[in-house]
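This is what each chain is made of:
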Amino acid sequence: EGSLDTLPFRIPAATKRRVLANWAGKLEVEILDAASGRPIAGFSRGDCLPAAPGLDIHIRWKGGGYLPAPSRPVVLRFHLSGARTRFHGFRFSS
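Residues numbered from 1 in each chain as written. Predicted model: local features only at pLDDT ≥ 70, side-chain atom pairs only at ≥ 80, totals over all residues. Heavy atoms only, no water.

(A) Molecular detail of the pattern of salt bridges. In the structure shown here, the tally under the stated rule is six salt bridges. For the salt bridge of Asp5 with Arg77, the shortest nitrogen-to-oxygen distance reads 2.7 Å. Residue Asp5 is found in strand E1 (residues 2-5), and its partner Arg77 is found in strand E4 (residues 74-93); the two are separated by 72 residues along the sequence. The partly exposed category is assigned to Arg77, whose relative accessible area is 24%. For the salt bridge of Arg77 with Glu30, the shortest nitrogen-to-oxygen distance reads 3.9 Å. Remark: Glu30 occurs in strand E2 (residues 18-33) and Arg77 occurs in strand E4; sequence separation between them is 47 residues. For Glu30, a relative accessible area of 7% corresponds to the buried category. (Salt bridge = Lys/Arg side-chain N within 4 Å of Asp/Glu carboxyl O. Helix = DSSP H or I, 4+ residues; strand = E, 2+ residues; numbered from the N terminus. Buried < 20%, exposed > 50% of the residue type's maximum accessible area, 1.4 Å probe, protein only.)

Written out as structure tokens, the structure is:
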């Protein structure tokens, strides 16, 4: 198991803010407050819903599939597990 953190950034201001990821294996994503390093409520690893691997898969959390409003810098943390897990990238979509 391993994880990958982005550099701190502000969530793009768009009508609908979604994270689309490309991977094979098991992936969980959480959104952290960049200042504290703590998960934002509703966007923790435990809140991330399972999804089938593939290309441009919409990451969703129990509270929904859209990112929080762009009020402060955040970090995306991608948790990867499984011997054959591969992470190919992510992008934002509106």
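(B) Just unusual backbone geometry, in detail. In this model, Asp56 sits at a positive phi of 50 degrees, which is unusual for a non-glycine residue. Within the secondary structure, Asp56 sits in strand E3 (residues 54-58).

(C) Representation of the nonpolar core in the model. With 17 residues, the main nonpolar core has Leu27, Val29, Ile31, Ile59 and Trp61 as its most contacted residues. Looking at this core, the elements that each hand over two or more residues are E2 and E4. The biggest single contributor to this core is E2, with six residues. Aside from chain neighbours lying at most four places away, what touches Ile31 is Arg38, Pro39, Ile40, Phe43, Trp61, Leu67, Pro68, Val74, Val75 and Leu76. (Core = buried A, V, L, I, M, F, W, Y, C linked by side-chain atoms within 4.5 Å. Contact = heavy atoms within 4.5 Å.)

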